[in-house]
Amino acid sequence: MPELGRAALLVTLGLSAYAVIAGAYAAHLGRRRLARSAQNALVASFVSTAVAAAVLVAALLRNDFSFEYVARTTSRALPTPYTLSAFWGGQEGSLLLWLLILTGFGAAAVSINRAWARDLIVWVVPVLAAVSTFFAFLLVAVASPFVTQAAPADGAGMTPSLQNPYMLAHPPLLYLGYVGLTVPFAFAMGALLSGKLDERWLIATRRWTLFAWAALGIGQLIGSHWAYVEVGWGGYYAWDPVENAALMPWLAATAFLHSVMIQEKRGMLKIWNVLLVVLAFSLALFGTFLTRSGVVNSIHSFTQSSIGPWFLGFIAVVVAVSLGVVLWRLPQLRSPTKLESAISREAAFLYNNLLLLALCLAILWGVVYPMLSEAVRGEAVVLGRSYYDFFLRAFGLPLLLLMGIGPLIAWRRASLKSLATTFRWPTVVALSTGAVLLLLGAGSSIPGLVAYTFSAFVLATIVMEFARGTRARKALGASSWPSAFTSLVSRNRRRYGGYVVHAAIVLFAIGVAGSSAFDSVAEAKLARGQSMRIGDYTLVYRSLSERQAPNATEIRATLGVRRGDRDLGTLEAGKNAYTIEQQVSNEVGIRSDKLTGEDLFVIAEQIDPNGTVYFRVFVKPLVNLIWLAGLVFLLGSVITLWPDRREQRRLVARASTVGLPATR
Amino acid sequence: MLAVFLLYTSIAGGGNPSLAPSELAGRTGTVQLAGVVVGPVRGDAHAGGLRFGLKDIGRDTTTVAVRYTGSVPDLFKVGRHVVVDGELRRGTFVAEPGSMITKCPSKYAPKKSGDSA
C-alpha cells in the first residue's frame, strides 16, 4: 500500500512537471494539440493525487501503524472522525491536502474556462502546474507521508485540544482559502504571459477569489471560536504570527475583491489588481510557511522543520518571477482613465484599498520584525499586542466608516450637496447613537465609542439601501413586500450579498469593541461556600467533583451564579487530565446571555489539593455578536457566490464589446 | 512613507528584545525570555510566586531562576518551551504577571522522539 501512495505521488510530480514544460512550450509556439495534452496532464495529476490521498485515508482508518505518519498522529482509542482529521494533523498530510485541493481546483478551473478563454488558459496551465510541481516535489523528496517502519503496538495519539469538532473544519477551510488564491494568481499570470490583458481573467476568477476569501474568513472565525471555548485563556485572538498568517492573505484578498470592481466598471487600477493578486498568493504561501517552519516564536509551532528553507525559496521565486512579468507588461497595463475627483466611488474604493493594504503590511511588519531585527541588530525584538492594537484602530476604524460611504457615493464625481442628502439620516442615526452611549457610560473607551458610532452609521446606510431598493421594486410591480425584497436581492446578488457581508463586518466590529474595550475581569481564591462578585454577577463556589472519562480525569468546580436577585443556575469550570497524552487542559465555563450577547466566562486556574480554587472570571459584553457575524458573513458570501446567469451574460457581453472572442 | 512610519513605531513604540537564558547575564530592562523549563517547580503562582528554572532550548546551559505570578498555561511543565516577559533583579528573573505563554504542541511541527513538543 505505501508503495502505491509513493508511486501515485511520483506520477503527480511527473505529470505536473510535464504540464509546466509542455504547457509553456505549447503556449509560446502556439501548438494547440500540445497545449491540450498539458491540460489533460493537469487534470490527470488530480486523479493520481486523489489515489495517494485515498491510500493515506485507508491507512488512517485501518490504524496501520507501519505508516510512520499514522503512528505519529493517531492512536487506537482515537474516535474515527479525529482519526480522519489526522490527515491534516501532521505536516506531510497537510502538504498532501494542499496538493489535492490545488490539483482539484486547477483541473476544475481549466475545464470550466478553456472553451471561452482558450488563449488565456494555455498560459494558466503551466503556472498552476508549476505550483503543484513544487508541492509534489516536497511530498516526494522532503516530507513523504508514506514513510514506513516496524509497526508499534499503538500510536502516539492526538493532542487533546485538537480533539474537538472545530478542528474538523478549521484547517481544511483555511487550506481551501490558501489554495483557492492560487487560481486568481494563475489566471493573472496567464493574462500577463499571454498578453491578453482584458478583463476576462477577472471574470473567470471572481468566484474563485470570493470562495477562497469566504473560506479563509469563516475558517479563521471557527479557529477563534475554538480558541475561545477550548483553549480557555479568555480571548479569541492573540496576534500570534500563525493567526496573522491567515489574516494577511484575507486582508489582501478583501482589497482585491473591491479593487476589481473599479477595473470592471472604469478600467482603472490594472497594475494594482495584478500586484494585489500576487501579494495575496504570496501571503498564502507565506502563511503556510509560517505555520510549519518554526522561524517565528509562535504559540503554535516551535520545532524547526525541514521544509522551511524550501518554502522560503519558493516564495522568493514566486515574488521575483511575478514582479518580473508585471514589469515586462507594464506599458500595456497602464490605464487610460484617471481619477476624476477625490470624492467619488472610485476614490472611496481606493482609500479602502490603501487602508486594507496598510493594515496588512503593518501586520506583516510585526510578524517579520523579530527576524529582521535579529539580522540587523543581532537581537530579536518582538512587537507586542499594543503594536497591533494601535494599527487595528488607526486603519480599522476609518475602514469601518468607509464601508458606509463607499457603496453609496456616486461614480466619477460626487457633489458635496448630494453627499449631504445621501448621508443626512445615517449621520443623524450615528451621532444620536454615540450620544446615547456616551450618556450610558461608554466614554470609558474612546476607540470603543468611535467603533459603535461608525457601526451605527454603516448599519443605517445598509438598511436604507435595502429599504430604497425594495420600495423601488414594489413600485415596479412586485406583488408584495417580501417578493419585492427577494427579487431585489436575486437581481443583483453581488451588490446585496456585499451589503450582507458588510453587515456581518459591522456585527463583528461591535462584538470586538464590546468584548475588548468594555470587558471586565476579576480573580479570587475561593474555598467551598465562598463567593465573589463581578459587575452585577455573584458567583458562589459550591462543590468540587472528579469523574473518570475514557481518556481523561475530569475535575470540575460547580458555581452557583446569580445576577442581581435572579438565580441563573450553575456553571462548571475545571480541568481535564489526559492519561495517555499526559497533559492537563482548562475546561472553561461559559454562560451566554441570549438576549444581550454577553458572556460570563469562568476559568478555574488553579485547583489546590485541599479543594480551594483560584478563579479568574471575565464578563464580555456583546462577544456573541462575533459568532453571529460569522453566520451572517456565510449568508452574504453564499448570496454573492450563488450562480447568476444574468450577471455572467452581462460581464461576458461587456468583455465582447471591447473586441474579445467571448464565446460563452 | 508607510515603511518609515512602521519603523518609527516599532522602535519608539516598544517591543522587547527576545533572549535566551544564556544571554541574560548583565541585561537590564524588560526582555522576553524564551527557554526550556527546568525543575524543581515550587511555589504558588497566585501566592508568593511560582519558582522554576529556564535554560536555552536545545543546549545545556546554565539555568536562570524565574519567579512568576499569574495564569499558568495548561501546557506548563518541566521540559516544555515557554516564553515570559520580565526583568532580571538580583539574580532572579522576575516575570510580569500573566505574561507566560507556552508553545502549543503544533499539529504542523514534526515530532522528534523524546521531544515533548
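Residues numbered from 1 in each chain as written. Chains lettered and ligands numbered in written order. Predicted model: local features only at pLDDT ≥ 70, side-chain atom pairs only at ≥ 80, totals over all residues.

A.B. asks: I'd like a description of the overall build of chain B, backed by residues and values.
C.D. replies: Along the backbone of chain B there are 1 helix and 7 strands. Tracing chain B from N to C terminus, the helices and strands come up as α-β-β-β-β-β-β-β. Expressed as a percentage of the 117 residues in chain B, the buried residues total 42%. Taking the intrachain contacts of chain B between residues at least 6 apart in sequence as the baseline, contacts between residues at least 24 apart amount to 46%. (Helix = DSSP H or I, 4+ residues; strand = E, 2+ residues; numbered from the N terminus. Buried ≥ 20, exposed ≤ 12 C-beta atoms within 10 Å, placed from the backbone. Contact = placed C-beta atoms within 7 Å.)

A.B. asks: Could you give an account of the domain arrangement of chain A, with specific residues and numbers?
C.D. replies: Residue and element names in this part refer to chain A. Each assigned domain of chain A is listed with its residue range as follows: domain 1 (1-163) and domain 2 (520-620). For domain 1 versus domain 2, the separation of C-alpha centres amounts to 45 Å. Listed as interface residues are 6 residues of domain 1 and, on the opposing side, 7 residues of domain 2. Its residues assigned to classes, the side of domain 1 that touches domain 2 comprises 2 nonpolar, 4 polar and no charged. (Domains from an automatic or database assignment. Nonpolar A, V, L, I, M, F, W, Y, C, P; charged D, E, K, R; others polar.)

A.B. asks: So what about the nonpolar core? Which residues, and what values?
C.D. replies: If you look at the biggest cluster of nonpolar residues, it comprises 196 residues, and the most contacted ones within it are Val124, Val125, Phe135, Ala252, Ala253, Ala280 and Leu359 of chain A. If one sorts the elements of this core by residue count, helix α9 (residues 200-231) of chain A sits on top with 18 residues. Beyond its immediate chain neighbours, meaning those up to four positions away, Val125 of chain A contacts Ala19, Gly23, Ala38, Gln39, Leu42 and Val110 of chain A. With 21 residues, the next largest nonpolar core counts Ala34, Tyr68, Val82 and Val83 of chain B among its residues. (Core = buried A, V, L, I, M, F, W, Y, C linked by C-beta atoms within 7 Å.)

A.B. asks: Pulling in residues and values, what's your account of the sheet that holds strand β8 (residues 589-592) of chain A?
C.D. replies: Residues and elements named next belong to chain A. With respect to topology, 4 strands assemble into an open sheet ordered β2-β10-β9-β8, the strand pairing being antiparallel. Each of the sheet's edge strands pairs with one partner strand only, and the pair in question is β2 (520-526) and β8. Shown here is a sheet whose adjacent strand axes are inclined to one another by a mean of 15°, direction ignored. Pairing of β8 with strand β9 (residues 599-607), which is carried by 4 bridges, proceeds in the antiparallel orientation. (Pairing = 2+ DSSP bridges. Axes fitted to C-alpha atoms, helices over the stretch in contact; angles between N-to-C directions.)

A.B. asks: I'd love a proper account of the pairing of strand β6 (residues 92-95) of chain B, names of residues and values included.
C.D. replies: Residue and element names in this part refer to chain B. Side chains Phe93 and Ala95 of β6 all project onto a buried face; the interleaved residues Thr92 and Val94 project onto a face where none is buried. Here strand β4 (residues 64-68) runs beside β6; their pairing, made up of 3 bridges, is parallel. When the bridges of β6 are listed, Ala65 appears paired with Thr92. Bridge analysis of strand β5 (residues 81-89) against β6 gives 4 bridges, and the strand direction is antiparallel. Bridge pairing links Gly86 to Ala95 in β6. What sits between β5 and β6 in their antiparallel hairpin is a turn of 2 residues, with Arg90 showing a positive phi close to 45°.

A.B. asks: Now, about the packing of α9 of chain A against helix α10 (residues 241-266) of chain A: what can you tell me, with residues and values included?
C.D. replies: Residue and element names in this part refer to chain A. Between α9 and α10, the least distance of the axes is 10 Å, while the angle of their chain directions is 150°. Taken as axis vectors, α9 and α10 run roughly antiparallel relative to one another. Between α9 and α10 lies a crossing of left-handed hand. Here α9 contributes Leu202, Arg206, Thr209, Leu210, Ala212, Trp213, Leu216, Gly217, Gly219 and Gln220 to the contact with α10, which in turn contributes Ala246, Leu247, Pro249, Trp250, Ala253, Thr254, Phe256, Leu257, Val260, Gln263 and Glu264. A per-class count over the contact of α9 with α10 returns 13 nonpolar, 6 polar and 2 charged. (Parallel < 35°, antiparallel > 145°, perpendicular 65-115°, else oblique. Left-handed = near helix turned anticlockwise from the far one by under 90°.)

A.B. asks: Any chance you could break down the confidence of the model for chain A for me, citing the residues and the numbers?
C.D. replies: With 96% of its residues at a pLDDT of 70 or more, chain A shows a mean pLDDT of 89. Low pLDDT, under 50, characterises residues 659-664 of chain A; the stretch is placed with 12 contacts to residues that sit more than four places away or in other chains. (pLDDT = per-residue confidence, 0-100.)

A.B. asks: Before we move on, can you summarise the packing of helix α14 (residues 345-377) of chain A against helix α15 (residues 385-405) of chain A with the specific residues and values?
C.D. replies: Residue and element names in this part refer to chain A. Two numbers describe how α14 lies on α15: the axes approach to 10 Å, and their chain directions differ by 165°. By the angle between their axes, α14 is roughly antiparallel relative to α15. Both α14 and α15 take part in a crossing whose hand is left-handed. Only Tyr387, Tyr388, Phe391, Phe395, Gly396, Pro398, Leu399, Leu402 and Ile405 of α15 make contact with α14, whose side of the interface consists of Ala348, Tyr351, Asn352, Leu355, Leu356, Ala358, Leu359, Ala362, Ile363 and Gly366.

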